[in-house]
Every structure is written in structure tokens, then in C-alpha cells.
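# Observations on chain architecture
Next come the chains, spelled out residue by residue.
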Amino acid sequence: MYRSHNCGELTAAHINTEVTLSGWVQKSRDKGFIVWVDLRDRYGITQLVFDEERTSKDLIEQAQNLGREFVIQVTGTVIERASKNPNIPTGEIEILVSKLDILNKSILPPFTIEDKTDGGEDIRMKYRYLDIRRNPVKDSLIFRSKVSQAVRNYLSTEGFIEVETPYLIKSTPEGARDFVVPSRMNAGEFYALPQSPQTFKQLLMVGGMDKYFQIVKCFRDEDLRADRQPEFTQIDCEMAFVEQEDILNVFEGLTRHLLKEVNGVEIEKFPRMLYDDAMRLYGNDKPDIRFGMEFGELNEVTQHKDFGVFNNAELVVGIAVPGGNRFTRKEIDKLINWVKRPQVGALGMIYSRCNDDGSFKSSVDKFYDQEDLSKWAEITGAKPGDLVCVLSGDKNKVRAQLSALRMELAEQLGLRDPKVFAPLWVIDFPLLELDEETGHYHAMHHPFTSPKPGQLELLDSNPGEVKANAYDLVLNGNEIGGGSIRIHDKETQAIMFKHLGFSEEEAKAQFGFLMDAFQYGAPPHGGLAFGLDRLVAILGGQETIRDFIAFPKNNSGRDVMIDAPAPIDDDQLTELSLKLNLKS
Ligand code: ASP
């Protein structure tokens, strides 16, 4: 028996008990006549003591030779500590050791296994198994497990069936590139790894499964943006015989359950916002509504004067920064430079200070009088003491720029409290999105999303205006889930593919199986998927997902621990028919 107890459970109630513990040496303090060792396992830390008076000389010597991260087993008696540590659960006791066995030695770890470590990101990734011994990573993984468990409990109770779908499949378009796997047995042919189980879950509905879920890996070969992983986990769900309202209610229930179970937070009804309103009021389809600073459109009150910049703009739009009038000129200049960075891309920023006495002082006083500026304040909701920041230009660009500024200011002003949870449904997304570069429309969600009833006809005349039965769940400014009611008849699906630029043959070759299935009594259905990694990070009060993934990839998509991806040898290439025949 390696242990009778773990390193986190012994308290004063165990005094005088004989126990056996196993774990890692966190650190030791050697005073010559007395040695203390902190023994660590997943559950906590227990202090071991070896001293001249009560321990044999041999045993003290053994303890003195223990190195960091040695794996040991000890037997001893629980005794009361002389100097107690109120910060840890085992702080009242220590173990007077009578027997010590080294189960395995350790070479010196490349960084300290402490909550605050001296190891940088790269080295911790390379030795991820050591990083996992640290509380911040360990606790995040335990937290993730708790969330997954709560998801399974809730959905199972609601009658959902967990079904596994295959990983070696054909492309499912979710807007990214596929990772592909060469098939040895079918020379020159490839499987694609699923970007999501979308088509399979729809086929499960045709198969009558009715309520499906799966906690599942998805693979997307995207250009890496910060905090994106090429493989990630979704809570993937689908239901048959449902309308949008049913889906929103069920998954609002799931999210509410998680917030309560995991965070102890109770939220009554999640607000809903139309996509168009989200864009108009926040410049963003995933607004953080923990704070205000809603956009105020100022075209009407700015475009009648001689200020050319505003007169020529498609949109003039501002926000009120609470308490922003206290910013110095230098601080405002910094903000102006911030919006002019290439990542944001604004040409400049106009501002108006709202003085405590109700007067205004703007950077364009030459063009606008006090009455004009008071309208700016009124429309943006600025109060005395605030600062109105105004950007102008092309509607879509300027909204994105002001949205970035709003988030930056909120961060600076401490308005993004990770302990506050503000969920929001964004609904009625457009069906199609114009790709500015190619001039083509593509599906905003995916090609299986159904247009709103009665809007199919608009596809020909005004494709950009067609709205979909598509929705996102947003939490604290992050999209944590999204889905749609699906098309479930062959004709509509064929029309969709045509509008997305597929020829009939292409559509048949790629998605013939789905359109065939739709001919055999496909029920009306819909669903959504949550991004588990991000959801867990946000519930855990953090924005980076990496600590919540046991073995994440770095920003270049590499696993630096196992050194993947890696070349494969010639024989393997030949076997997979991948070897370039240079002669031909
Ligand atoms: N498959 C979709 C996605 O991965 C989710 C859904 O529509 O259910 O975003």
C-alpha cells in the first residue's frame, strides 16, 4: 500500500494516527539537527519532520539527501505543529517520520514547481508534465473536469444521448482549412479531420436520435491568432423537432446550470440582442455588456458644419468614457496613437471634454459650438466629468475601430471584472457575408443554416439582407457558443449551395450524402456548439485558454514537448503515396 491518506487531508483530528503518504518533495529546510520536508501530491502539501531527538541519525541523513521532486513514501505519526500555518488545510499538523523510502529520484527540474515559478512560457511548455504539477495548471485542469462533468450531468438529465462521431471524415466547411490524413489503403486519397461534427449530428437527427451531445475534439487549420488552438474541444449539441426558441431555452438552462454549479452565480433570464443592434450599439457581434459605453451615432449632429473629415464619412460615431475628462492631454494623445496603430487602423480621433460645470471643450471647437457638443454628449450618454471619443469613416471599419477602443478603455478603467458574468444571446445573424476580397458571398455560420422563413426569395435580389435562424451565446465579450436551425429539405439545401458558388456536381460530390438523407424524412432540427476551452477559461475567471488544456500547442501550432509536427521517413512517405517522384 503506497498511502493511507493523501497530502491534503490530514488535520488536527488525525493527531497521533499512524499514516503512510506518498508524493513529491516540494522543498526541504535543513537545520542540521532538524529537517523539514514539504511533501506534495495532487491534493495538497503535508509537512514532514525529522529531528535528532525523535528520529534516528540514518533517517535524518536520508532526509538531508532528498532532492527536489524526488518521489518518496513515508510512514509516521501525525503530530501537532509547533508553528502553525493557517494558510493551508494541513497547517496545524506535521508527520514525525519513522520510515522513508525513495520511490524514484528526480534530476533538478528546469524551473521551480511553485505557484509563482521562475520558468518562462517556452520552458514550461517543453516540460508540461512538470508544469501540471503546479497548482495554477493543476487546478485549471481539475476545474475543466468539473465543468465537463456538470455539462454531462445536465444534458443527460435533459434526455440527451452522448454519441461519438468519426474523426476520419470528409471536409465539413466551418470556414477554416482542413487538416488532412493520407489514406495508405486508398493511394492518393485523403481523409479530413472534422472542423466540427456538423453533418454527422444532422444525420443523427435524420436517424431519429432526437437529442444528441458530444464533448468532442475539432480541428481547424487556421492562421494562428493569439489564444487559438488548431485542435480544440466543443460541447456539440443537436435537437430534432425544435424551433430557435427551444434551443435558446435549453442551452440557456445549461449555461445557467454551469454558472450556478461552478461559480455559485445565479442569473435569471439572459438578455437577447439582434445582430444588427449589437453592431450598431457595440460595433461587434459579441459585445461585452458588463459595462455601458454604447455607441452614439453622430452623423446628424456633425455633418452640417465645415469639418470635412466628418462630412465625408459614412459614419460618425462616439462613446462616452466615464470619468474620462480627468485624462491629461498626454493621456488623450496616447489614446489617439493607440487607435492609429495598424492593428486598429483609425486615421485619428476627435474628442470632447465634458466639464463639471456643463460646458464642453473639444478638439474641433473651431467647427462645433457648445450647443453642438451638448448634442454629442446627449447622444452618447456622456455626463459632466466624461470624455466623448469620436471616430469616423467607412461604417464597418469605424465600428470595428470604436469597438476596439471601447474594450481597451474598459480594460484600462477596470470595467471588465472577471467575477461578474454577463451572458447575452445575439440572434438573427445574416445568412451570408460578403468577402470583400473576392466579392463573393459565403455562409456566415455554415451552409446548413436555414434562412428565416419567407426570406429565401431575397437570396436573388438582396443576398446580404437575408437573415438566418442563427444565434450566438456571448459571455463577457467572448463568443462561447453558436448554432442555428438547419435546412432540412433537399431543395432548399441545393439553393443554398448554388448561392454559395457550388456547381450542382460539386455540391453532389461533397454533400450528396446529406442531401440524399434529407429525402428520407429528415425532421426539422437545429443545434449549437459551445467552445469548451474558452467557456472553461471564462468561468475560471481567465481569458487565456492554454492553462485549461493539458497539452496545448504554442502560437506556431507546435507541441514543443513531443516536437510535433515532425518530418516522417521516406518509407512512410512512399507507403502513403506521398513521395514526390522527381523524375516524372
Ligand atoms: N458546427 C457549428 C460550429 O462548429 C455549431 C453548430 O452550428 O451547431 O460552429
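Nothing here was measured: the structure is a model prediction, and the numbers come from that model. Counting of residues starts from 1 at the beginning of each chain's written sequence and follows it residue by residue. Predicted model: local features are reported for residues with pLDDT of at least 70 only, side-chain atom pairs are reported and counted for 80 or more only, and whole-chain, interface and lining totals are derived from all residues. Water and hydrogen atoms play no part in the side-chain values, which are based on all heavy atoms of the structure.

## So, helix H16 (residues 532–539)
Most of H16 is tucked away: seven of the eight residues are buried. Of all the positions in H16, only Leu532, Asp533, Leu535, Val536, Ala537, Ile538 and Leu539 are classed as buried. Secondary structure is summarised from DSSP: a helix means a run of H or I of at least four residues, a strand means a run of E of at least two, and numbering begins at the N terminus for each. Of the residues flanking the end of H16, it is Gly541, one or two places downstream, whose phi is positive at about 80°. Three labels apply to residues, based on accessible area from a 1.4 Å probe with only protein chains included: buried if under 20% of the type maximum, exposed if over 50%, partly exposed otherwise in between.

## Concerning the pattern of salt bridges
When a carboxyl oxygen of Asp or Glu lies within 4 Å of a side-chain nitrogen of Lys or Arg, that pair is called a salt bridge. Under the definition given, this model contains 36 salt bridges. Ionic pairing is found between Asp139 and Lys138, a salt bridge with its closest N-O pair at 3.8 Å. Look at Lys138 and you get buried, because its relative accessible area is 13%. The salt bridge involving Arg280 is made with Asp277; its shortest N-O contact spans 3.1 Å. Of the two residues, Arg280 and Asp277 both sit in helix H7 (residues 275–282), three residues apart, roughly one turn of that helix. In this structure Arg280 comes out as partly exposed when scored by relative accessible area, which is 36%. Under the relative-accessibility criterion, Asp277 is labelled partly exposed at 24%.

## Some words on the side chain of Ser140
Mapped onto the elements of the fold, Ser140 is located in helix H4 (residues 135–157). By the criterion applied in these results, polar contacts are pairs of N or O atoms within 3.5 Å in which, for protein atoms, one can donate a hydrogen and the other can accept it, and in which residues neighboring in sequence qualify only through two side-chain atoms. Within the local environment of Ser140, its side chain forms a polar contact with the backbone oxygen of Pro136, the two atoms lying 2.7 Å apart. Residues are treated as being in contact if the distance between any of their heavy atoms lies within 4.5 Å. Contacts of Ser140, omitting those with residues within four sequence positions, involve Asn135, Asp547 and Phe548.

## Quick word on empty space enclosed by the protein
A pocket here means an open set of points on a 1 Å grid, computed over the protein atoms alone, that has protein on both sides within 12 Å along at least five of seven lines. A cavity is instead a set of points where a 1.4 Å probe fits but cannot get out; residues with an atom within 4 Å of a point line either one. Grid points are joined across faces, edges and corners, and a volume is the space filled by probe spheres set on the points. According to the stated counting rule, one finds one cavity of 30 Å³ or more in the structure shown. In this structure, the largest cavity occupies an estimated 40 Å³ of space. If you go around the largest cavity, the residues you meet are Met125, Arg128, Phe551, Pro552, Asp559, Val560 and Met561. In the scheme used here, Gly and all other residues not listed as nonpolar or charged are polar, with Ala, Val, Leu, Ile, Met, Phe, Trp, Tyr, Cys and Pro taken as nonpolar and Asp, Glu, Lys and Arg as charged. Of the residues that constitute the lining of the largest cavity, the class distribution is five nonpolar, no polar and two charged.

## Here we look at the packing of aromatic side chains
For any pair of aromatic rings, the description rests on two quantities: the centre-to-centre distance and the angle between the ring planes. Two aromatic rings, drawn from Phe, Tyr or Trp (for Trp, its six-membered ring), form a pair once their centres lie within 6.5 Å of each other, and the interplanar angle then sorts them: stacked below 30 degrees, edge-to-face above 60, tilted otherwise. Applying the stated criterion across every chain yields a total of 18 aromatic pairs. Judged by centre distance (5.0 Å) and plane angle (35°), the ring pair of Phe307 and Phe367 falls under tilted. Taken together, the positions of Phe307 in the loop between helix H8 (299–302) and helix H9 (308–311) and Phe367 in the loop between strand E15 (360–362) and helix H11 (370–380) put the pair 60 residues apart, joining distant regions of the chain. An angle of 65° between the planes, with centres 5.1 Å apart, marks the rings of Phe497 and Phe502 as edge-to-face.

## Comments concerning the sheet that holds strand E9 (residues 211–219)
Each pair of strands is called paired provided DSSP finds at least two bridges between the two strands. What the eight strands build is an open sheet, ordered E6-E9-E10-E22-E21-E20-E17-E11; its pairing is mixed. Looking along the sheet, the strands with just one partner apiece sit at the ends: strand E6 (161–162) and strand E11 (272–274). The pairing of strand E21 (residues 478–485) with strand E22 (residues 525–531) spans five bridges and is classified as antiparallel. Bridging across to E22, Gly483 finds its partner in Leu528. Lines are fitted to the C-alpha atoms to define the axes, a helix being fitted only along its stretch in contact, and any angle between axes, read from their N-to-C directions, falls within 0 to 180 degrees. Together, E6, E9 and strand E10 (231–240) form the strand contacts of H4, whose direction differs from that of E9 by roughly 150°.

## Considering the nonpolar core
Side-chain atoms within 4.5 Å link the members of a nonpolar core, which is a set of buried Ala, Val, Leu, Ile, Met, Phe, Trp, Tyr and Cys residues. In this structure, Val147, Leu155, Phe251, Trp425, Phe530 and Leu539 are the most contacted members of the largest nonpolar core, which totals 42 residues. Counting residues per element, this core draws most heavily on helix H6 (residues 244–263), which supplies eight residues. Ignoring sequence-local partners within four residues, the contact set of Val147 consists of Leu258, Val262, Leu532, Val536 and Leu539. Counting residues in hydrophobic clusters, the runner-up holds 26 residues, among them Ile336, Ala346, Tyr351 and Met407.

## Thoughts on the side chain of Thr380
Checked against the element boundaries, Thr380 lands in helix H11. Residue class for Thr380 comes out buried when judged on its relative accessible area of 8%. Reaching out from Thr380, the side chain makes a polar contact with the backbone oxygen of Trp376 at a distance of 2.9 Å. Ignoring any residue separated from it by four or fewer positions in sequence, one finds Thr380 in contact with Glu294, Gly296, Leu298, Gly318, Ile319, Ala320 and Val388.

## Comments concerning the pairing of strand E20 (residues 470–475)
Counting buried positions along E20 yields six of six residues, so the element is predominantly enclosed. Burial along E20 is two-sided: Ala470, Asp472 and Val474 facing one way and Tyr471, Leu473 and Leu475 facing the other are all buried. Strand direction decides the pairing type here: strand E17 (residues 423–427) and E20, joined by five bridges, are antiparallel. Looking at the pairing, Leu424 lines up with Val474 of E20. Where E20 and E21 come together, six bridges link them in antiparallel fashion. Counted as the bridge partner of Ala470 is Ser484 from E21. Connecting the antiparallel pair E20 and E21 is a turn made up of two residues, with Asn476 showing a positive phi of about 50°.

In short, geometric facts, not functional conclusions.
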